[in-house]
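So you can see what is in the structure, the chains are spelled out below.
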Amino acid sequence: MPSFLGLYISRGLIEVSEAENGENARFVASRSFEVNPNVSYTDEIFTILKDKSFGLKKNYEGISFSLSSGNDIYRKMTFPFAKEQVEKTIRFEFFDQVKDTINGKVEEYFFDYQILSTSDQRTTALGVCCHERDIQNLVSGLEKLDLDPEKITPELTAVTTFVRSRVPFVASGNAMILHTTPEDVYFVLLKQDEIFEFRQL
């Protein structure tokens, strides 16, 4: 019986996958819905997830949740020092770069990052942020449905992980992923199966 649940939620779409012990993942179902820009879409999401025909159970060992808010901001950054120092400064550097893009205060945004490569004198990382209300409203509702996610994954990371697990790459592990949403276009270059370069248009 599947023990892990994966939820991908974007504006107008929910997709569900299940896996056994984190392996043998299978796509379960998807459901689209209309989005009214003047109304929160979280109620629509919870109505769908409560529908028994969607096939969700309540005793998953682990739940991973990937959200596309439509307002996610990504930046690739390179630092002239090692990983340990980057972890102390990356949040400040990221928001300094995107300060003209975000609406509101920095404190209102959730931030996460992924180290792409590191050495003694150079570290490259991919940072991402989204407004905290986009996360808090959905997580609160999922908890009420006994679907408390233990892991929240940025959309781009989830897409890359899925492609790596489902698409056979050439022996070198080098590839390009083109991912589109209603709001953005993403180009992701993989080198030896790891994110090497990134562009958001």
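Keep in mind it's a predicted model, so treat the numbers as computed, not measured.

**Student:** So what exactly am I meant to see when it comes to the overall build of the chain here?
**Tutor:** Check the secondary structure of the chain and you find 4 helices and 11 strands. Here the chain, with 201 residues, has 40% of them falling under the buried criterion. Considering only contacts in the chain between residues 6 or more positions apart, those separated by 24 or more positions represent 53%. Accessible surface computed for the chain: about 12000 Å², of which carbon and sulfur atoms make up 48%.

**Student:** I keep staring at helix H1 (residues 42-50) and nothing clicks. Help me out?
**Tutor:** Counting along an α-helix, one turn takes 3.6 residues, and residues three or four places apart therefore face a common direction. Among the residues making up H1, those that are buried are Thr42, Ile45, Phe46, Ile48 and Leu49. Axial view of H1: buried residues confined to an arc of 160°, hence all on one face. Projecting away from the buried face of H1 at angles above 90 degrees are the exposed residues Asp43, Thr47 and Lys50.

**Student:** Would you take a moment to explain helix H2 (residues 83-98) for this structure?
**Tutor:** In this model, H2 (16 residues) spans 21 Å end to end at C-alpha, consistent with the 22 Å of a helix rising 1.5 Å per residue. Where H2 bends most, the angle comes to about 55°, and this point is Thr89. Tucked inside the fold, the buried residues of H2 contact strand S5 (73-79), strand S6 (109-118) and strand S7 (123-131).

**Student:** Quick question: what am I supposed to make of the nonpolar core here?
**Tutor:** In summary, soluble globular proteins display a tendency toward joint burial of nonpolar side chains. Of all hydrophobic cores here, the largest spans 21 residues; its most connected members are Ile14, Ile45 and Phe65. For this core, the secondary-structure elements that each account for two or more residues are strand S1 (4-10), strand S2 (13-20), H1, strand S4 (62-68) and helix H3 (132-144). Not counting chain neighbours up to four residues away, the residues in contact with Phe65 comprise Leu7, Ile9, Leu138, Val139, Leu142, Pro149, Lys151, Ile152 and Thr153. With 13 residues, the next largest nonpolar core counts Met77, Phe95, Tyr109 and Cys129 among its residues.

Rules of the game
Residues numbered from 1 in each chain as written. Predicted model: local features only at pLDDT ≥ 70, side-chain atom pairs only at ≥ 80, totals over all residues. Heavy atoms only, no water. Helix = DSSP H or I, 4+ residues; strand = E, 2+ residues; numbered from the N terminus. Buried < 20%, exposed > 50% of the residue type's maximum accessible area, 1.4 Å probe, protein only. Contact = heavy atoms within 4.5 Å. Areas by Shrake-Rupley, 256 points an atom, 1.4 Å probe, with all protein chains shown as cover. Arc of directions from axis to C-beta. Expected span 1.5 Å × (residues − 1). Bend = angle between axes of the 7 residues up to and from the residue. Core = buried A, V, L, I, M, F, W, Y, C linked by side-chain atoms within 4.5 Å.

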